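The chain contents come next:
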Amino acid sequence: MMLKIKNLHASVGDKPILKGINLEVKAGEMHAIMGRNGSGKSTLTNIITGKEGYTITDGSIEYKGKSILDDSPEDRALNGIFQSFQYPVVIHGVNNTYFLRTAYNAKRKYLGQPELDAASFMKLIREKMKLVEMDRSYLKRSVNDGFSGGEKKRNEILQMVTLEPSLSILDETDSGLDIDALKIVANGVNNFRREDRSFIVITHYQRLLKYIEPDVVHVLMDGQIVKTGGKELALALEEKGYGWLDGDQL
Amino acid sequence: MNSFYGKEFDRWVKDGHGSSNHTLREVGLKHFQELGFPTTRQEEWRFTNVSQLGKSHYSWSSSTKVDEQAIQKLLDEHRIADTYTICMINGVLNKNLSNFHESIIIEDILSANTDSFHENSISTPFTDWNTAFYNSGLYLEIPDNIQIEKPIRVIWINQFNSHTEVVHSKSHVNMGLNSEAVIIDHFLTDSNYESIINHVSGIQLNENSQCEYIKIQEETSAKHFHSLDVIQDANSRYISTQLATGSPLNRNECTIIQQGEGCDSKLYVLGLQRDQHHVDYQTIIRHDNIHGTSREVVKNILRDSSRAVFNGRVIVARGSQKTDAFQSNKNILLSKNARVNANPQLEIYADDVACSHGSTTGELDDDALFYLRSRGIGLDEAQSLMISGFATEVIENISSESIRDLFTLRLENWLEAKA
Ligand SMILES: Nc1ncnc2c1ncn2[C@@H]1O[C@H](COP(=O)(O)OP(=O)(O)OP(=O)(O)O)[C@@H](O)[C@H]1O
Ligand SMILES: [Mg+2]
């Protein structure tokens, strides 16, 4: 089992946000999570990847059979958990290539492999950039600095294919992408799929799921997964809206 | 205090010093004695307390007591490739330790008439004190139409033999018409005394000249006071990058006056503070003519109980149309005990101008830190990466690679010395 979340309750301050999440993702699976604004999708992502500021009041998260709740964000990342951010952060003055190489070498070091020098890394990253059809000029800029919304998302996927995580959580990676970019990103993800790699794709649009076919679709509402189904669930949602499920719950 | 410095002056004159500009010196002494050291009741000194200085008697540190071996060692330790060197020991030029291009004019400041240069600037007790006692100094001229490619590094080495000595050093740079040069003031000491460096300097940029001025302050235990006046004639370009790596007290007063039209002034500052260090930048950029541009970026990174003060004024005079001025002050606090007092000010008396300014002080951005950590970069390295990124906006403006490398190295040393 790649990821096993049991009865997860979490709050920010006194405000409960996740109210009993149960989720199991097997190796090689592609899961999609849909749900209204503010239902807790990014919160769930942040908690899995180890962001501070949340209190876990109940439940557990296991990754590859072990609890990760006490692990630092960097340890989780080194162990193969990756988040593509809904809002990638701009880091002024930190060169994108240098950042990517630092991250890449942190992983190599963790795996007991020798670090890559600047020239070898350059060769590697150019290959990776082809996968997401990114222009080389982004390498010279600061991390996400002045990147358009779509360029930031491509930069996230570039990081994913470079760091090669086992579990990738893509938080609204499709938002803000034009049709061509959406296809490129979807292609990047599809080519990256492997039987030992799992994905959780968070999206508001069925459109993405046409390109990236999910095995399982979940609907998150007010901090709980209220419905789970196959890819037809996404289609039904698009047609009927979330109101349909509100009714279901009553 | 009155009697001590009066007697000190008499003794000093009797020793054969201060024969030039005697009247000016007496005026300086009189002012200094009347005003005494500033108190925190004075607005410009509100956050920088120097009242302690009045309790000691600082005597003039003579250049005859220097330890040449120690100086050589210091020079060896601080070599920078591809630069000319001008070596000033306790404010006095040492020709043997200097080497520079023949087209650069170097003289003792006493033989060059530079007194009128500071006439328009506001004197302070420290500049008055300097006027009374400065005994030598550097006059450096780049003649008309001459471009010097290699950076010219002026190394100010001050050696002290007690806690209560003061060096009054002075320099004047004259950039001829259409001339270009990179000039570095590098302040070093090998003494651990808490003495005083009281430096006064001026840079005159004649028409269409360009001066890249770099200042590196690395005295770790001495108190450093520096008053710098820059006067720019038409179409001249002044680009300054300054590094302060921390001392118990580092006060910089810098006034840039755009006298001619179409001037460009840039001032970038990086302060790395730790322990109880205190850095204070008082800057004035005066747009006295039309079509001037200025950009000021003052950044401090503070640890422990250190403190940074920034008081920056950009003044656009009446009629200085088409001025474009930008001022920014940013501070990162790495400790709860570090403090910043920032006061950025725009004073605009013309209507057709574009001016903006701002000041921010805070910890490292949590979201950015998490972003880096979520990529497997450890907390310490993530912090270092962000701090280096913050400093880049200053360092990247330096044209010379070897100087840029020195700034980067100092930053790395500072980051490593964290523990
Ligand atoms: N740090 C915080 N402080 C206060 N409230 C928070 C915080 N983080 C999240 N919340 C709240 O938790 C709820 C869930 O937020 P979250 O960002 O997880 O939603 P989401 O499902 O990702 O929404 P969207 O589709 O708009 O991205 C929201 O009501 C949000 O306001
Ligand atoms: Mg979200």
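For the structure, check the block above.
Residues numbered from 1 in each chain as written. Chains lettered and ligands numbered in written order. Predicted model: local features only at pLDDT ≥ 70, side-chain atom pairs only at ≥ 80, totals over all residues. Heavy atoms only, no water.

Student: Mind showing me how you'd approach the overall build of chain B here?
Tutor: Each helix and strand counted, chain B has seven helices and 20 strands in total. A compact globule built from 419 residues would reach a C-alpha radius of gyration of about 22 Å, and chain B, at 21 Å, matches this within 12%. Taken across its 419 residues, chain B has 58% of its residues classed as buried. Here the contacts in chain B between residues at least 6 apart in sequence split such that 85% fall between residues at least 24 apart. Summing over all exposed atoms, chain B offers an accessible surface of approximately 16800 Å²; the carbon and sulfur share of this is 44%. In chain B, 37 positive and 56 negative side-chain charges are present, and the distance between their average locations comes to 6 Å. (Helix = DSSP H or I, 4+ residues; strand = E, 2+ residues; numbered from the N terminus. Rg over C-alpha atoms; globule rule 2.2 N^0.38 Å. Buried < 20%, exposed > 50% of the residue type's maximum accessible area, 1.4 Å probe, protein only. Contact = heavy atoms within 4.5 Å. Areas by Shrake-Rupley, 256 points an atom, 1.4 Å probe, with all protein chains shown as cover. Lys, Arg positive; Asp, Glu negative; His and termini not counted. Charge placed at Lys NZ, Arg CZ, Asp CG, Glu CD.)

Student: Which parts of the structure should I look at to understand the environment of Tyr-213 of chain B?
Tutor: Residue and element names in this part refer to chain B. Tracing the chain through its elements places Tyr-213 in strand S10 (residues 210-217). Along the chain, Tyr-213 and Ile-290 lie 77 residues apart, while their C-alpha atoms are 23 Å from each other. For Tyr-213, the contacting residues outside a window of four places in its chain are Ile-183, Asp-185, Ile-203, His-226, Leu-228, Tyr-238, Ile-239, Ser-240, Thr-241 and Gln-242. Within the local environment of Tyr-213, its side chain forms a polar contact with the side chain of Asp-185, the two groups lying 2.7 Å apart. (Polar contact = N/O pair within 3.5 Å; in protein donor to acceptor, adjacent residues only side chain to side chain.)

Student: How should I be thinking about the site of ligand 1 in this particular structure?
Tutor: Residues and elements named next belong to chain A. Among the 14 residues in the neighbourhood of ligand 1, the closest are listed as Gly-38, Lys-41, Ser-42, Thr-43 and Gln-86. Gly-38 places a polar main-chain atom, nitrogen or oxygen, 2.8 Å from an oxygen atom of ligand 1. Glu-172 is positioned such that a nitrogen or oxygen atom in its side chain is 3.2 Å from an oxygen atom of ligand 1. For ligand 1, whose unbound accessible area comes to 640 Å², protein coverage reaches 63%. Among the elements of the structure, strand S2 (15-25) and helix H1 (41-49) are those that each provide at least two residues to the shell around ligand 1. Residue contributions to the shell around ligand 1 peak at three residues, all from H1. Considering only residue class, the shell around ligand 1 consists of two nonpolar, eight polar and four charged. (Near = heavy atom within 4 Å. Nonpolar A, V, L, I, M, F, W, Y, C, P; charged D, E, K, R; others polar.)

Student: So what exactly am I meant to see when it comes to the pattern of salt bridges here?
Tutor: Any two side chains of opposite charge can pair, so long as their charged atoms come close to each other. Going through the model one piece at a time under the given rule, you end up with 26 salt bridges over all chains. Among the salt bridges present, the one from Arg-375 of chain B reaches Glu-156 of chain A, with a minimum N-O distance of 2.6 Å. Of the two residues, Arg-375 of chain B sits in the loop between helix H5 (366-373) and helix H6 (379-395) while Glu-156 of chain A sits in helix H6 (residues 149-163), which places them in two different chains. Here Arg-375 of chain B falls in the buried class, since its relative accessible area comes to 2%. With its nearest N and O atoms 3.4 Å apart, the salt bridge here joins Glu-34 of chain B to Lys-30 of chain B. On the criterion of helical spacing, the pair formed by Glu-34 of chain B and Lys-30 of chain B is a turn pair, its members being four residues apart in helix H2 (residues 22-35). Overall, Glu-34 of chain B belongs to the exposed group, its relative accessible area being 53%. Members of the salt-bridge network, linked through shared partners, are Glu-52 and Glu-74 of chain A together with Arg-373 of chain B. (Salt bridge = Lys/Arg side-chain N within 4 Å of Asp/Glu carboxyl O.)

Student: Quick question: what am I supposed to make of the sheet that holds strand S3 (residues 30-34) of chain A here?
Tutor: Pairing between sheet strands relies on hydrogen bonds along the backbone, with the strands arranged either parallel or antiparallel. All names here are of chain A. On the basis of which strands lie adjacent, the open sheet formed by six strands has the order S6-S9-S10-S3-S11-S12 and mixed pairing. Strands with a single pairing partner mark the edges of an open sheet, and in this sheet they are strand S6 (81-84) and strand S12 (224-229). Ignoring strand direction, the axes of neighbouring strands in this sheet form an average angle of 20°. Where strand S9 (residues 167-171) and strand S10 (residues 198-202) come together, five bridges link them in parallel fashion. Bridge pairing links Asp-171 to Ile-202 in S10. (Pairing = 2+ DSSP bridges. Axes fitted to C-alpha atoms, helices over the stretch in contact; angles between N-to-C directions.)

Student: Please clarify how the packing of H2 of chain B against helix H4 (residues 125-133) of chain B should be interpreted in this entry.
Tutor: When two helices pack together, their arrangement is given by the angle between the helix axes and by the axis-to-axis distance. All names here are of chain B. Orientation of H2 relative to H4, taken along the N-to-C sense of each, is 145°, at an axis distance of 7 Å. Here H2 runs over H4; the crossing is left-handed. Contacts between H2 and H4 pair Leu-24, Arg-25, Gly-28, Leu-29, His-31, Phe-32 and Leu-35 from the former with Pro-125, Asp-128, Trp-129, Thr-131, Ala-132 and Phe-133 from the latter. Residues belonging to the contact of H2 with H4 are distributed by class as follows: eight nonpolar, three polar and two charged. (Left-handed = near helix turned anticlockwise from the far one by under 90°.)

Student: Help me understand helix H3 (residues 96-110) of chain A in this model?
Tutor: Along an α-helix, residues three or four apart share an orientation, since each turn contains 3.6 residues. All names here are of chain A. With 15 residues, H3 ought to run about 21 Å at 1.5 Å a step, and its terminal C-alpha atoms sit 21 Å apart, in line with that. Across the 15 residues of H3, 11 count as buried, placing the element largely inside the fold. Among all positions in H3, only Asn-96, Thr-97, Phe-99, Leu-100, Thr-102, Ala-103, Tyr-104, Asn-105, Ala-106, Lys-107 and Arg-108 are buried. Looking at the residues trailing H3, positive phi occurs at Gly-112, about 75°. (Expected span 1.5 Å × (residues − 1).)

Student: So what exactly am I meant to see when it comes to the packing of H6 of chain A against helix H7 (residues 179-192) of chain A here?
Tutor: All names here are of chain A. Taken N-terminus to C-terminus, the directions of H6 and H7 make an angle of 10°; their axes are 11 Å apart at the nearest point. Taken together, H6 and H7 sit at an angle that is classed as roughly parallel. When the axes of H6 and H7 are compared, the crossing they make is left-handed. Contact with H6, carried on its side by Arg-154, Ile-157, Met-160 and Val-161, involves Ala-181, Ile-184, Val-185, Gly-188, Val-189 and Phe-192 of H7 and no other residues of that element. Considering only residue class, the contact of H6 with H7 consists of eight nonpolar, one polar and one charged. (Parallel < 35°, antiparallel > 145°, perpendicular 65-115°, else oblique.)

Student: Explanation requested: the coordination of the magnesium ion (ligand 2) in the structure shown.
Tutor: The textbook angles at a metal center are 109.5 degrees for a tetrahedron of four donors and 90 or 180 degrees for an octahedron of six. All names here are of chain A. All of the protein donors around the magnesium ion (ligand 2) are Ser-42 (OG) and Gln-86 (OE1); their distances to the metal are 2.0 to 2.1 Å. With Ser-42 in helix H1 and Gln-86 in the loop between S6 and strand S7 (91-95), this pair connects stretches of sequence that are 44 residues apart. Overall, the relative accessible area of 23% leaves Ser-42 in the partly exposed class. (Donors = N, O, S within 2.8 Å, 3.2 Å for Na, K, Ca; no water.)

Student: Can you help me understand the interface of chain B and chain A in this one?
Tutor: By convention, interface size is frequently given as the accessible area that disappears when the constituent parts associate. Facing 19 residues of chain B, the contacting portion of chain A comprises 31 residues. Taken as a group, Phe-370, Tyr-371 and Arg-375 of chain B account for 42% of the area that chain B buries against chain A, more than any other trio of residues on that side. Linking chain B with chain A are four salt bridges, by the criterion used here. The shortest N-O distance in the salt bridge between Arg-373 of chain B and Glu-74 of chain A comes to 2.7 Å. At the boundary of chain B with chain A, the tally comes to 10 residue pairs in polar contact (both at pLDDT 80 or more). Counting residues per element, the ones that place at least two in the side of chain B that touches chain A are H5 and H6 of chain B. With seven residues, H6 of chain B is the single largest residue contributor to the side of chain B that touches chain A. For the side of chain B that touches chain A, the class distribution of residues is nine nonpolar, five polar and five charged. (Buried area = accessible area lost by both parts, 1.4 Å probe.)

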